[in-house]
Amino acid sequence: MTNKNPFKLGITQGRLTPFNSLEDFPKVNWKNEFYLANKLGFDYIEYLVDRKLTNKNPIWNSEGLNQILDVIKDSKISVYSLKADFIINHS
């Protein structure tokens, strides 16, 4: 019998790094948050997409998407869901 917890613990992106608003993509190196989440025992990050289009968020282009996939693999922290605040302002 194992003691493995059947529940996964996650956190919304931007909560482990300095921020101006809870609804903004991290202003500091976003990749570091994945490694910190792993170190703190989280299983996943809910990826954040700001209300406004910003080139700081790598989700908007294929090169950036590859960076996200690389950090997921390297940090062993998955992206469980997407917090798409962008659609609030852009239906």
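Below or above, wherever it landed, is the structure these notes cover. (Residues numbered from 1 in each chain as written. Predicted model: local features only at pLDDT ≥ 70, side-chain atom pairs only at ≥ 80, totals over all residues. Heavy atoms only, no water.)

**Considering helix H2 (residues 62-75)**
Okay, step 1: Taking 1.5 Å per residue as the helical rise, H2 with its 14 residues ought to reach 20 Å, and the 20 Å between its terminal C-alpha atoms agrees with that figure.
Okay, step 2: Buried-residue contacts for H2 involve helix H1 (30-39) and strand E2 (44-49).
Okay, step 3: Two or three places before Glu63, at the opening of H2, Asn61 has a side-chain oxygen 3.2 Å from that residue's backbone nitrogen.
Okay, step 4: Lys76 sits one or two positions beyond H2 and adopts a positive phi of about 65 degrees. (Helix = DSSP H or I, 4+ residues; strand = E, 2+ residues; numbered from the N terminus. Expected span 1.5 Å × (residues − 1). Contact = heavy atoms within 4.5 Å. Polar contact = N/O pair within 3.5 Å; in protein donor to acceptor, adjacent residues only side chain to side chain.)

**Some words on the nonpolar core**
Okay, step 1: Counting residues in hydrophobic clusters, the biggest one holds 13 residues, and the most contacted among them are Trp30, Phe34, Ala37, Ile45, Tyr47 and Ile77.
Okay, step 2: Where this core is concerned, the elements lending two or more residues are H1, E2 and H2.
Okay, step 3: Not counting the four nearest positions on each side in its chain, Ile45 is found in contact with Ile11, Gln13, Glu33, Phe34, Ala37, Ile77, Ser78, Val79, Tyr80 and Ser81. (Core = buried A, V, L, I, M, F, W, Y, C linked by side-chain atoms within 4.5 Å. Buried < 20%, exposed > 50% of the residue type's maximum accessible area, 1.4 Å probe, protein only.)

**Thoughts on the environment of Lys39**
Okay, step 1: For Lys39, the location among the structural elements is in helix H1.
Okay, step 2: The class of Lys39 is exposed, set by a relative accessible area of 71%.
Okay, step 3: Separated by 38 residues in sequence, Lys39 and Ile77 have C-alpha atoms that sit 10.0 Å apart.

**Observations concerning the packing of H1 against H2**
Okay, step 1: Two elements in contact, H1 and H2, have axes separated by 9 Å at closest approach and are oriented at 20 degrees. Overall, the two elements H1 and H2 adopt an arrangement that is roughly parallel. Regarding H1 and H2, the two cross each other, and that crossing is right-handed. Contacts between H1 and H2 involve Trp30, Lys31, Phe34, Tyr35 and Asn38 from the first element and Gln67, Ile68, Val71, Ile72, Asp74 and Ser75 from the second.
Okay, step 2: Here the contact of H1 with H2 is composed, by residue class, of six nonpolar, three polar and two charged. (Axes fitted to C-alpha atoms, helices over the stretch in contact; angles between N-to-C directions. Parallel < 35°, antiparallel > 145°, perpendicular 65-115°, else oblique. Left-handed = near helix turned anticlockwise from the far one by under 90°. Nonpolar A, V, L, I, M, F, W, Y, C, P; charged D, E, K, R; others polar.)

**Some thoughts on the sheet that holds strand E1 (residues 10-12)**
Within a beta sheet, neighbouring strands are joined by backbone hydrogen bonds and run either parallel or antiparallel to one another.
Okay, step 1: Overall, parallel pairing links the three strands, which are arranged E1-E2-E3 in an open sheet. Where the open sheet ends on each side, the last strands, each with one partner, are E1 and strand E3 (78-84). Across this sheet, the average inter-strand angle for adjacent strands is 20 degrees, counted without regard to direction.
Okay, step 2: With six bridges joining them, E2 and E3 adopt parallel strand pairing. Bridge pairing in E3 places Glu46 opposite Ser81. (Pairing = 2+ DSSP bridges.)

**Considering the packing of aromatic side chains**
Okay, step 1: Applying the stated rule across the entire model yields two aromatic pairs.
Okay, step 2: On the numbers, 6.0 Å between centres and 80 degrees between planes, the contact of Trp30 with Phe34 is edge-to-face. One end of the pair, Trp30, and the other, Phe34, are both in helix H1, four residues apart, so they sit about a helical turn from each other. Summarising the burial analysis for this pair, Trp30 and Phe34 share the class buried.
Okay, step 3: On the numbers, 4.7 Å between centres and 40 degrees between planes, the contact of Tyr44 with Tyr80 is tilted. With Tyr44 in strand E2 and Tyr80 in strand E3, the pair connects residues that are 36 residues apart, well separated along the chain.
Okay, step 4: Owing to a relative accessible area of 18%, Tyr44 belongs among the buried residues under this scheme.
Okay, step 5: Judged by relative accessible area, which is 62%, Tyr80 ranks as exposed. (Phe/Tyr/Trp six-rings, centres within 6.5 Å; stacked < 30°, edge-to-face > 60°.)

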